[in-house]
Protein chains: 4
Amino acid sequence: FFLFLFLSTTTHTHTDTDRTQRDLLKKSWYGRPHNRKFRVGAALLAHDGTIFTGCNVENASYNLGICAERTAIAKAVSEGYRSFKAIAIASDLEDQFISPCGGCRQFMREFGDQWSVYLSKPDGSYLKMTIEDLLPVSFGPEDLKKKRVFTTQFGS
Amino acid sequence: FFLFLFLSTTTHTHTDTDRTQRDLLKKSWYGRPHNRKFRVGAALLAHDGTIFTGCNVENASYNLGICAERTAIAKAVSEGYRSFKAIAIASDLEDQFISPCGGCRQFMREFGDQWSVYLSKPDGSYLKMTIEDLLPVSFGPEDLKKKRVFTTQFGS
Amino acid sequence: FFLFLFLSTTTHTHTDTDRTQRDLLKKSWYGRPHNRKFRVGAALLAHDGTIFTGCNVENASYNLGICAERTAIAKAVSEGYRSFKAIAIASDLEDQFISPCGGCRQFMREFGDQWSVYLSKPDGSYLKMTIEDLLPVSFGPEDLKKKRVFTTQFGS
Amino acid sequence: FFLFLFLSTTTHTHTDTDRTQRDLLKKSWYGRPHNRKFRVGAALLAHDGTIFTGCNVENASYNLGICAERTAIAKAVSEGYRSFKAIAIASDLEDQFISPCGGCRQFMREFGDQWSVYLSKPDGSYLKMTIEDLLPVSFGPEDLKKKRVFTTQFGS
Ligand SMILES: [Zn+2]
Ligand SMILES: [Zn+2]
Ligand SMILES: [Zn+2]
Ligand SMILES: [Zn+2]
C-alpha cells in the first residue's frame, strides 16, 4: 500500500533523484518555525525543480491558522506555479511519520492526485505516498462542472 | 477496498439496520439547502440512534463557509454528542457518489476512524466506507500529546 | 461608539426585551463545552424568538475547528433560519468581554450587518454592538454580483 | 474615521513614502491571478521595506481556499518576518474599495493592530485604515494567556 524506506545517511553514490529527495526532506525540516504549539515544516518541489518551503502560521483564533503544507503551496501558486512533483513534511514528533491533515490533502489535490508526499520522522526516515493514497475517492476542480439532477429517488 | 451496494427501492423485509440506513440516506438528501452554488446535505447517526441533519452554509468570503458534514457534526457536538455510528452525504451531482472533502474527513476523524460514511448518488445508490478508508495514515486528538525530539539527523 | 451596560442582577420589573436579553446571555454561558483549550459558548436569537446555542468544536488540526458562534449559526441555517436578531457570546476569561474573531464576524455578516452582538464577561456584564460596529467597511453576498473592470490605471 | 485620498497619477515630486505607497498599490494589482471567480491581489510591506505579493488560492472545496492577504502574510512569516507596516489589496470590482474579509482581518491582527491596510479600486484611488479600524474590540495572541474564572453569575 505504501513504500517504506529508511533514508541512508552514509556516503555513497546518489542519483540526481536521491539528491533532490534528500534536499527536499532536509528543507522541510528547516521550514519549521518556533511556534507555540506544534512545529511543522514543509518543502514543495515544483515541476521545474524549484523548492518552496513553508511553516505553519498560527492564529489566536485557532481555526484561522494555516498549515505548513498550505503555506508552501500558496507561496508557489502566488509565484505562478501550478504543477508539482512532491512535498515533504517534517515535525518534532519523535516516533511518528508526520502526516498532512485532511484540509491539506484536499489543498494538494487541487493540483492533481498523482504527485508524491513524503511523511518524515526526525531521524530522517520517511514514507512516500501519492495524494491519491492519502485522499482516496476524492473530488477536484474538474468535478465542479459536472451535470446535476433535478429529480431523485427521494423527490426533489 | 470498499463496498458497493445499490439501494433497493422495492418493498421487501428490512432489518432494523436497513431501515436506519435508508432513513439516514433519505435525511441526508433533505438536508440539502437551496444554496447558490453546490447543494450538499448530510445526516449524522449518533450512537443512541439520534439523527442530526446538516447543509452547507456559504459565505461571501468562500473560505469561511462550512460544509454540510461539519454542520451536522457541530450540531451534534453542541448537543453533547461525541460518539457516532455513520454519516450519509447527498448532492445533486448526477453521476457521482458525493464524497466528503479532506477538511470534513479530518473533522470526522476527531471522533474516531472506525465509523461509517455513506457516499450517495441522487438515484439512491451509495458507497459505504470507514473514516480510515477515506483518511488513511491520519492523526487525531490523541496524537497531540506525543513525545517530541530536540535533536535530529538534520540538526536542530 | 458602543454601548456599555452592567446587567443588573437585582429583582425588579423586566420588560420582555430584558427577559429575552438575559435569557440569551444565560444560554450563551451554558453553551460552553468542556474543551481542551478555550471554552466559548454562544446563543443565537432568531427573528421568531427561537434560540440556538453553540460551542466551539476543536480539531487536532487546529485550523479545521469551528467557533461557538459559527456552530450556533450553522445549526440555525440547517433548520431553515436566515434572519437573526442577536447573538451573545460567553467565555471563562475573567476580566474580558469575549469578542468574536474576524472569521465569525464575516460569518455573521452574511446575514446582514444591522443585528446585535452581546460580548459578555463571566460576571454578567456585557457590551452590545452591531455587526457593522464589529466589521466596518465589510462586504457581503450582495457584493459578489458587482461589475468588474478589465482595464485599470495599472494596466490589465 | 478613515482617510480618503485619490492617488494622483501626474508627475510631481514624490517623497519616499509616496513612492513606497504607490509601489505597494501597484504590486497588489499585479498579485492578482487568473482565478475562476474572484480575482484579488495583495502586497505586504515588511518593517525593512521588503514587499511580499499574494493572490487568492482557490479550492474545489471552497472553504479550504486562502485569500490573497493570507497568502502574502504566510509567505512573509515563512521567510522569518513577523513585523509589518502596511498591506494593499486590489481586485477587479469596478466601483468598490476591495476590503479584507473578517478572516483576513484576524490573520493580520496576529501581528499587531496599529499597521495600515490600503483598500484600493482599479482606478488607483484607495482608503487607508488601520487593523484596529477594521477589527475593533479584537483579541490577539496576547489574550490567550489571560486569567480564567471558575464560578460565574450564571453558576458554573
Ligand atoms: Zn494541514
Ligand atoms: Zn467538506
Ligand atoms: Zn470565531
Ligand atoms: Zn480574506
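Scroll up to find the structure this text is about.
Residues numbered from 1 in each chain as written. Chains lettered and ligands numbered in written order. Predicted model: local features only at pLDDT ≥ 70, side-chain atom pairs only at ≥ 80, totals over all residues. Heavy atoms only, no water.

Visitor: Any details on the packing of aromatic side chains? Residues and values, ideally.
Guide: Applying the stated criterion across every chain, the model contains 18 aromatic pairs over all chains. Between Phe52 of chain A and Tyr81 of chain A, the aromatic rings sit 5.1 Å apart at their centres with planes inclined by 70°, giving edge-to-face as the arrangement. Taken together, the residues Phe52 of chain A in strand E3 (residues 51-55) and Tyr81 of chain A in the loop between helix H2 (68-78) and strand E4 (84-91) connect sequence positions 29 residues apart. The two residues Phe52 of chain A and Tyr81 of chain A agree in class, both being buried. Measuring from ring centre to ring centre gives 5.4 Å for Phe84 of chain B and Phe111 of chain B, while their planes differ by 75°; the resulting arrangement is edge-to-face. Linking Phe84 of chain B in strand E4 (residues 84-91) with Phe111 of chain B in the loop between helix H3 (102-109) and strand E5 (116-120), this pair joins segments that are 27 residues apart in sequence. Accessibility assignment for this pair places Phe84 of chain B and Phe111 of chain B in one class, buried. Three or more aromatic residues link up through ring pairs in this structure, and these residues are Phe84, Phe111 and Trp115 of chain A. Here the basic side chain of Lys121 of chain A rests over the ring of Phe97 of chain A, its NZ or CZ set 4.6 Å away from the ring centre. (Phe/Tyr/Trp six-rings, centres within 6.5 Å; stacked < 30°, edge-to-face > 60°. Helix = DSSP H or I, 4+ residues; strand = E, 2+ residues; numbered from the N terminus. Buried < 20%, exposed > 50% of the residue type's maximum accessible area, 1.4 Å probe, protein only. Lys NZ or Arg CZ within 6 Å of the ring centre and 35° of its normal.)

Visitor: Could you give me a rundown of the coordination of the zinc ion (ligand 3), with the residues and numbers involved?
Guide: Ideal donor angles around a metal are set by the shape: a four-donor tetrahedron calls for 109.5 degrees, a six-donor octahedron for 90 or 180 degrees. Residue and element names in this part refer to chain C. Those protein atoms acting as donors to the zinc ion (ligand 3) are Cys67 (SG), Cys101 (SG) and Cys104 (SG), and they sit at 2.3 Å. What makes Cys67 buried here is its relative accessible area of 13%. Looking at Cys101, the relative accessible area reads 2%, which means it is buried. (Donors = N, O, S within 2.8 Å, 3.2 Å for Na, K, Ca; no water.)

Visitor: I'd love a proper account of the coordination of the zinc ion (ligand 1), names of residues and values included.
Guide: All names here are of chain A. In the first shell of the zinc ion (ligand 1), the protein supplies Cys67 (SG), Cys101 (SG) and Cys104 (SG), at 2.3 Å from the metal. Sequence positions of the donors to the zinc ion (ligand 1) reduce to the motif C-x33-C-x2-C. Of this pair, Cys67 sits in the loop between E3 and H2 while Cys101 sits in the loop between E4 and helix H3 (102-109), placing them 34 residues apart in sequence.

Visitor: An account of the pattern of salt bridges is needed here, citing residue identities and associated values.
Guide: All names here are of chain A. Inspection of every chain in the model, using the stated rule, returns 12 salt bridges over all chains. In this structure, the salt-bridge partner of Lys27 is Asp23, at a minimum N-O distance of 3.4 Å. Of this pair, Lys27 and Asp23 both sit in helix H1 (residues 16-30), four residues apart, roughly one helical turn. Taking the relative accessible area as the measure of exposure, Asp23 reaches 32% and is therefore partly exposed. (Salt bridge = Lys/Arg side-chain N within 4 Å of Asp/Glu carboxyl O.)

Visitor: Please provide a residue-by-residue account of H3 of chain B, values included.
Guide: Buried residues dominate H3 of chain B, accounting for eight of its eight residues. For H3 of chain B, the complete set of buried residues consists of Gly102, Gly103, Cys104, Arg105, Gln106, Phe107, Met108 and Arg109 of chain B. Next to the buried residues of H3 of chain B lie H3 of chain A together with helix H2 (68-78), E4, E5 and helix H4 (131-134) of chain B. (Contact = heavy atoms within 4.5 Å.)

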